[in-house]
Amino acid sequence: RMKALFVIDVQKEYIDKYPEDLLPRINERIQEAQENNELIIYVKNLRKLKSGTMSYDFAPELRLYSENVIYKDKSSIFSNNELVNILKNNNISEITTIGIDGCCCVASSAIDAAKSGYISNFPCMYIGVQNHERFQKKKLLLKKAGVIIN
């Protein structure tokens, strides 16, 4: 089984809003993916501004082990057709989604992965959440979609 790891929105301007130990944990999971030959895909959120579109840099301490950087302007990474091609070309059957935020982009991408027929993993230890109350409701949607929460 071929596996992919999505590292979502671990960007400089966002990571500061989360506990300090989140980024080292995310880096541990990236290291593990690297050692297990998982396809690592980094995702950057795009912001639409009046002057055009911009994207923040990755957090400086983020481990970058792959050239696969995908941009998104919607909450789910599956809104990017380039991603769909990368997954098909690499015969991916299982996806683990980590990063920020568990209430929004990480959850949307994990749900879309499950809906698209992939085994979809959502390991909470590597996912940042700001609104824990909202996250409890989001977990119900994840389970309903068939996402494996661990």
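Residues numbered from 1 in each chain as written. Predicted model: local features only at pLDDT ≥ 70, side-chain atom pairs only at ≥ 80, totals over all residues. Heavy atoms only, no water.

### Comments concerning helix α2 (residues 22-35)
Residue pairs spaced three or four apart in an α-helix point in one direction, given the helix's 3.6 residues per turn. Its 14 residues place the ends of α2 20 Å apart at the C-alpha level, agreeing with the 20 Å of an ideal helix rising 1.5 Å per residue. Looking at the buried residues of α2, the elements they touch are β1 (2-8), α1 (12-15), β2 (39-49), β5 (92-100) and β7 (127-128). Positive backbone phi, at 55°, marks Asn 37, one or two positions downstream of α2. (Helix = DSSP H or I, 4+ residues; strand = E, 2+ residues; numbered from the N terminus. Expected span 1.5 Å × (residues − 1). Contact = heavy atoms within 4.5 Å.)

### Brief notes about the packing of helix α4 (residues 105-115) against helix α5 (residues 132-144)
Contact pair α4 / α5: the axes reach a minimum separation of 9 Å and the direction vectors enclose 15°. With respect to α5, the axis of α4 lies roughly parallel. Here the hand of the crossing between α4 and α5 comes out left-handed. Contacts from Ala 107, Ala 110 and Ile 111 in α4 reach Lys 138, Leu 141 and Leu 142 in α5. For the contact of α4 with α5, the residue count by class is five nonpolar, no polar and one charged. (Axes fitted to C-alpha atoms, helices over the stretch in contact; angles between N-to-C directions. Parallel < 35°, antiparallel > 145°, perpendicular 65-115°, else oblique. Left-handed = near helix turned anticlockwise from the far one by under 90°. Nonpolar A, V, L, I, M, F, W, Y, C, P; charged D, E, K, R; others polar.)

### Digging into helix α3 (residues 81-89)
Every buried residue of α3 is accounted for by Leu 83, Ile 86 and Leu 87. Down the axis of α3, the sector holding all buried residues measures 95°, keeping them to one side. Those residues of α3 that are exposed and aimed more than 90 degrees away from the buried face are Asn 81, Lys 88 and Asn 89. On its buried face, α3 sits against β1, β2, β4 (69-72) and β5. For α3, the N-terminal cap is Asn 80; the gap from its side-chain oxygen to the backbone nitrogen of Glu 82 is 2.7 Å. With its phi angle positive at about 50°, Asn 91 sits one or two positions after the end of α3. (Buried < 20%, exposed > 50% of the residue type's maximum accessible area, 1.4 Å probe, protein only. Arc of directions from axis to C-beta. Polar contact = N/O pair within 3.5 Å; in protein donor to acceptor, adjacent residues only side chain to side chain.)

### Section: the pattern of salt bridges
For side chains bearing opposite charge, pairing can occur when the charged atoms are close. Counted by the stated rule, this structure contains six salt bridges. For Asp 21, the salt bridge identified is with Arg 25, shortest N-O distance 3.0 Å. Looking at Arg 25, the relative accessible area reads 23%, which means it is partly exposed. Each of Arg 29, Glu 32 and Glu 38 takes part in one network of salt bridges that share partners. (Salt bridge = Lys/Arg side-chain N within 4 Å of Asp/Glu carboxyl O.)

### Looking at the pairing of β2
Bridge count for β1 against β2 is five bridges, and the pairing is parallel. Counted as the bridge partner of Val 7 is Tyr 42 from β2. With four bridges joining them, β2 and β4 adopt parallel strand pairing. What sits directly across from Tyr 42, in β4, is Val 69. (Pairing = 2+ DSSP bridges.)

### Section: the nonpolar core
Ranked by internal contacts, the top residues of the largest apolar core, which has 29 residues, are Phe 6, Ile 41, Phe 78, Leu 83, Leu 87, Ile 95 and Phe 122. Put simply, the parts of the chain that give this core at least two residues each are β1, β2, α3, β5, α4 and α5. Ranked by the residues each element gives to this core, the list is headed by α4, at seven residues. Those residues in contact with Phe 6 that sit more than four places away from it in its chain are Ile 41, Ile 77, Phe 78, Leu 83, Leu 87, Ile 95, Thr 96, Thr 97 and Ile 98. Among the nonpolar cores identified, the runner-up in size contains 20 residues, and Ile 40, Tyr 42, Tyr 56 and Ala 59 belong to it. (Core = buried A, V, L, I, M, F, W, Y, C linked by side-chain atoms within 4.5 Å.)

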